[in-house]
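# Fold and geometry: a report
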Amino acid sequence: MSNQDSGFYIRRLHSLLGVIPLGVFLIQHLLVNFTATYSEEAFNIASSIMGNLPFVILLEIFIIYLPILFHGIYGIYIAFTAKNNVGRYGTYRNWMFVLQRISGVVAFIFIAVHVYQTRFQVFLGEEVNFQMVEQIVANPFWLVFWIVGVIATVFHFANGLWSFMITWGITQSNKSQQIMSYVAILVFLVISTIGIMAILAFV
């Protein structure tokens, strides 16, 4: 297999992992957090269910952490080797190209910190519950950091759906790609709103 062929398949895998399983997990994770808008008890129940799934550690390693590491590290490589041409071609799609790379780097940093602040603490004997999250976002810095992180992560996912549809040959015409742009915007607005409302429920 040539370097060109291997690069093609790696990019396809990178694209696929961004939607499945990572995109699915992102939505599921934010919906679990959204239960905090109902009550403290509702969040604790939802969090406990997710944290006590059978083989939860294996599920997290192979469905979340390894895909995130591959998608994130390869994505950062793409971000720093891509040729950005916004200054010369200031079009909407070029800006989305640049913002996709920036949001990917921000999302990767946010996810790493978020995992340390929550899931990693489980290994130290802590429990992921309403009080834990409440204490974290009580700090204004972390509150802003989480909001920015969620917005960047959701944007990266929503805008990534557009390129995913092209990469996998689903949207080939200009019209279908334009429609997908509107769908991506809608996905971003809906999911980011859910994410921000979830965070503010702990304040």
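This text follows the structure it describes.
Everything in this summary refers to the structure shown in the same document. Values in this document were obtained by computation on a predicted structure and should not be read as measured data.

## Examining the packing of aromatic side chains
- What the rule picks out here adds up to 15 aromatic pairs.
- Relative to Tyr74, the ring of Phe70 lies with its centre 6.0 Å away and its plane at 5°, an arrangement referred to as stacked. With Phe70 and Tyr74 both in helix 4 (residues 56–81) and 4 residues apart, this pair spans about one turn of that helix.
- You can call Phe70 partly exposed: its relative accessible area is 28%.

## Section: the packing of helix 7 (residues 130–137) against helix 8 (residues 140–167)
- Axis separation between helix 7 and helix 8 bottoms out at 6 Å; the angle between their running directions is 105°. The angle between helix 7 and helix 8 falls in the class roughly perpendicular. Of the residues in helix 8, those touching helix 7 at Val133, Ile136 and Val137 are Trp142, Leu143 and Trp146.

## Quick word on helix 2 (residues 22–34)
- Counted at 1.5 Å a residue, the expected span for helix 2 with its 13 residues is 18 Å, and the 18 Å between its end C-alpha atoms agrees.
- Among the residues of helix 2, Leu22, Gly23, Leu26, Leu30, Val32, Asn33 and Phe34 are the ones counted as buried.

## Concerning the environment of Phe25
- Examined against the element boundaries, Phe25 turns out to sit in helix 2.
- Taking relative accessible area as the criterion, Phe25 reaches 26% and is therefore assigned partly exposed.
- Linking Phe25 and Tyr92, residues 67 residues apart in sequence, is a C-alpha distance of 28 Å.

## Let's talk about the nonpolar core
- By size, the foremost hydrophobic cluster in this structure holds 27 residues, and its most contacted members are Trp146 and Phe202.
- Of all the elements in the fold, those that place two or more residues in this core are helix 2, helix 7, helix 8 and helix 9 (174–200).
- Aside from chain neighbours lying at most four places away, what touches Phe202 is Asn33, Ala36, Phe43, Phe130, Val133, Glu134 and Val137.

## Here's the deal with helix 3 (residues 40–51)
- Counted at 1.5 Å a residue, the expected span for helix 3 with its 12 residues is 16 Å, and the 16 Å between its end C-alpha atoms agrees.
- Inspection of helix 3 places Phe43, Ala46 and Ser47 among the buried residues, and these make up the whole buried set. End-on view of helix 3: buried residues confined to an arc of 95°, all on one side of the axis. Residues of helix 3 that are exposed and angled more than 90 degrees away from the buried face: Glu41 and Ile49.
- On its buried face, helix 3 is in contact with helix 2 and helix 7.

Cut-offs used in this document
Residues numbered from 1 in each chain as written. Predicted model: local features only at pLDDT ≥ 70, side-chain atom pairs only at ≥ 80, totals over all residues. Heavy atoms only, no water. Phe/Tyr/Trp six-rings, centres within 6.5 Å; stacked < 30°, edge-to-face > 60°. Helix = DSSP H or I, 4+ residues; strand = E, 2+ residues; numbered from the N terminus. Buried < 20%, exposed > 50% of the residue type's maximum accessible area, 1.4 Å probe, protein only. Axes fitted to C-alpha atoms, helices over the stretch in contact; angles between N-to-C directions. Parallel < 35°, antiparallel > 145°, perpendicular 65-115°, else oblique. Contact = heavy atoms within 4.5 Å. Expected span 1.5 Å × (residues − 1). Core = buried A, V, L, I, M, F, W, Y, C linked by side-chain atoms within 4.5 Å. Arc of directions from axis to C-beta.

Taken by themselves, the reported measurements are silent on function.
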